[in-house]
Amino acid sequence: MANALSFSSSVSVSVLFTYLRMRPCRKRIRRMYRPLLASSTPSGELEKIKDMEARNDTIASLLACPICFKPLELSDWTIYKKLKCQSCGKVYVSNGRYLDLTFSSLTDESEAFMRPSTELFRNPAISFFYERGYRQGFQISGYPGPDEELKLANKYMETAVGGTVIDLSCATGIFTRRMIKCGLYKSVIGLDYSETMLEQFHSFIQEDQSLKEQDFLLVRADVGRLPFATETIDAVHAGAAIHCWPSAANGVAEVCRVLKPDGVFIASTQVVEALRPFRQVLRIAYGAAGVWTEEAELRKLCENCGLSNWSSTRNSAFIMFSAQKPRTILSEPDKM
Ligand SMILES: C[S@@+](CC[C@H](N)C(=O)[O-])C[C@H]1O[C@@H](n2cnc3c(N)ncnc32)[C@H](O)[C@@H]1O
């Protein structure tokens, strides 16, 4: 009884606290979802609304229900609060910092549980230390560091300049923030499954005045169920993440689905030939690919998922590769 009372009082306190916190956050929320809202030009309310509608239309044409992949319905400028699937009627909400487009947002926490390789990154301590030492450790495997890696990725993404790019499994936004700042892309979308990574990402944005003024969108989603309409995205970048996905094949197939014809997939990971005998054990323990033992495995994975034009750069175990969606996959009905 005492436990029940203390539980219900702590729930009430946290609801009240959330309510009080949200009120002054309104301005901040509007800034976060600037692509979905009016720009702050002092040119009158009507223009603001028109601008807002145009931006909402652009975003709306990209977003899709992660259950049925049908378009999501926007109402006024409240997209960041509520999105409804026009087909199955499922409703997705935002907490004002990121839009939650996961299946698990519709269920309770127990059903949100994923494999260890995904769960690890939902830990608040990992998210806090991710850019404060954890990521720097990747240099041992030959990762050149985020600035060099982005330069390389930007070369592979030349065809996406002026278009829409998803930084898939963005974590704390180590690449998303750089992609926004480099100004090469019209829209940048940061996407991750980890709530704590996205919260940390949001904190970094708050600390950086130049980012607050930029247009971008933060989304929580599962790589196996990307909440975007088919053939709407110019490039998908996934830094150091494919080995963490519960199923690399499901992830790459989803990437291929959302890419426009000629769109590119760029990813980095590590290839360690010496780990071949332990591969199966590692995969079972980690619940994901964990590591590849030869480049050909990655190339085959992309090709099996419908991507071609393989290209790669190696540095010790580090590999960055790109593959392109051919024009013919969905455009030739005979191939369906
Ligand atoms: C090692 S971090 C890489 C982060 C960043 N891209 C980088 O280059 O440093 C791997 C990321 O994959 C994300 N991830 C794991 N499983 C995922 C899933 N099922 N869907 C989306 N992201 C996932 C984790 O939350 C984590 O942020």
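Residues numbered from 1 in each chain as written. Predicted model: local features only at pLDDT ≥ 70, side-chain atom pairs only at ≥ 80, totals over all residues.

(A) Region of the structure containing the overall build of the protein chain. Along the protein chain, the regular secondary structure elements total twelve helices and eleven strands. Counting across all 336 residues of the protein chain, residues that qualify as buried make up 37%. In the protein chain, of all internal contacts separated by at least 6 residues, the share reaching a separation of at least 24 is 64%. (Helix = DSSP H or I, 4+ residues; strand = E, 2+ residues; numbered from the N terminus. Buried ≥ 20, exposed ≤ 12 C-beta atoms within 10 Å, placed from the backbone. Contact = placed C-beta atoms within 7 Å.)

(B) Focus on the pairing of strand E11 (residues 318–324). Within E11, seven of the seven residues are buried, which leaves it mostly tucked inside the rest of the structure. The alternating pattern of E11 places Phe 318, Met 320, Ser 322 and Gln 324 on one face and Ile 319, Phe 321 and Ala 323 on the opposite face, and all of these are buried. As paired strands, strand E9 (residues 259–270) and E11 are joined by seven bridges and run antiparallel to one another. Looking across to E11, one finds that Ala 267 is bridged to Phe 321. In this structure, strand E10 (residues 308–315) lies alongside E11, joined through six bridges in antiparallel fashion. Residue pairing across strands places Ser 312 opposite Phe 321, the latter belonging to E11. Adjacent in sequence and paired antiparallel, E10 and E11 are bridged by two residues, among which Ser 316 carries a positive phi angle near 60°. (Pairing = 2+ DSSP bridges.)

(C) Local environment of the packing of helix H4 (residues 124–134) against helix H7 (residues 195–207). It is at 8 Å that the axes of H4 and H7 come closest, and there the two elements cross at 40°. The angle between H4 and H7 places the two elements in the oblique class. Pair H4 / H7 crosses with right-handed handedness. Across the interface between the two elements, Pro 124, Ser 127, Phe 128 and Tyr 130 from H4 touch Thr 196, Met 197 and Gln 200 from H7. (Axes fitted to C-alpha atoms, helices over the stretch in contact; angles between N-to-C directions. Parallel < 35°, antiparallel > 145°, perpendicular 65-115°, else oblique. Left-handed = near helix turned anticlockwise from the far one by under 90°.)

(D) The arrangement of the nonpolar core in detail. Grouped together as the largest cluster of nonpolar side chains are 78 residues, with contacts concentrated most on Val 219, Val 236, Phe 265 and Ile 266. With residues near it in sequence (within four places) discarded, Phe 265 still touches Val 236, Val 255, Leu 259, Leu 307, Ser 322 and Ala 323. (Core = buried A, V, L, I, M, F, W, Y, C linked by C-beta atoms within 7 Å.)

(E) Expanded view of unusual backbone geometry. Located in the positive-phi region is Ala 240, a residue other than glycine, with phi close to 45°. Turning to its location among the elements, Ala 240 is positioned in the loop between strand E8 (233–238) and helix H9 (248–258). You can call Ala 240 buried: it has 22 C-beta atoms within 10 Å. Despite not being glycine, Ser 316 shows a phi value in the positive range, around 60°. Examined against the element boundaries, Ser 316 turns out to sit in the loop between E10 and E11. In this structure Ser 316 comes out as partly exposed when scored by C-beta crowding, with 14 C-beta atoms within 10 Å.

(F) Focus on the environment of Gly 190. Structurally, Gly 190 can be placed in strand E6 (residues 187–192). Sequence spacing of Gly 190 and Gly 173 is 17 residues, and the spatial spacing of their C-alpha atoms is 6.9 Å. In this structure, Gly 190 is in contact with Asp 167, Cys 170, Gly 173, Thr 176, Phe 201, Phe 216 and Leu 218, ignoring residues within four places of it in sequence.

(G) Main features of the pairing of strand E7 (residues 216–220). For E7, a buried count of five out of five residues is recorded, marking the element as mostly surrounded by other parts of the structure. A two-sided burial pattern is seen for E7, the buried positions comprising Phe 216, Leu 218 and Arg 220 on one face and Leu 217 and Val 219 on the other. Both E6 and E7 contribute to a ladder of five bridges, which runs parallel. Bridging from a neighbouring strand, Val 188 pairs with Phe 216 of E7.

(H) Representation of the sheet that holds strand E4 (residues 99–100) in the model. Strand order in the open sheet made by the eight strands is E4-E7-E6-E5-E8-E9-E11-E10, with mixed pairing throughout. Where the open sheet ends on each side, the last strands, each with one partner, are E4 and E10. Bridge count for E8 against E9 is five bridges, and the pairing is parallel. Note that in E9 the partner of Ile 233 across the bridge is Leu 259.

(I) Representation of the sheet that holds strand E1 (residues 72–73). The antiparallel open sheet is built from three strands, whose spatial order is E1-E2-E3. What marks the edges here is a single partner per strand, and that holds for E1 and strand E3 (91–93). When E1 meets strand E2 (residues 82–85), the two strands line up antiparallel, connected through two bridges. Looking across to E2, one finds that Glu 73 is bridged to Lys 84.

(J) Here's a closer look at H7. Counted at 1.5 Å a residue, the expected span for H7 with its 13 residues is 18 Å, and the 19 Å between its end C-alpha atoms agrees. Of the positions making up H7, those classed as buried are Glu 195, Met 197, Leu 198, Gln 200, Phe 201 and Ile 205. (Expected span 1.5 Å × (residues − 1).)

(K) Representation of the confidence of the model for the protein chain. On average, residues of the protein chain score 83 in pLDDT, and 76% of them are at 70 or above. In the model, residues 1–41 has pLDDT below 50 throughout and makes 31 contacts with residues more than four positions away in sequence or in other chains. (pLDDT = per-residue confidence, 0-100.)

(L) Region of the structure containing helix H10 (residues 279–286). In terms of burial, H10 is a largely surface element, zero of the eight residues being buried. Positive phi appears at Gly 287, one or two residues downstream of H10, with a value of about 75°.

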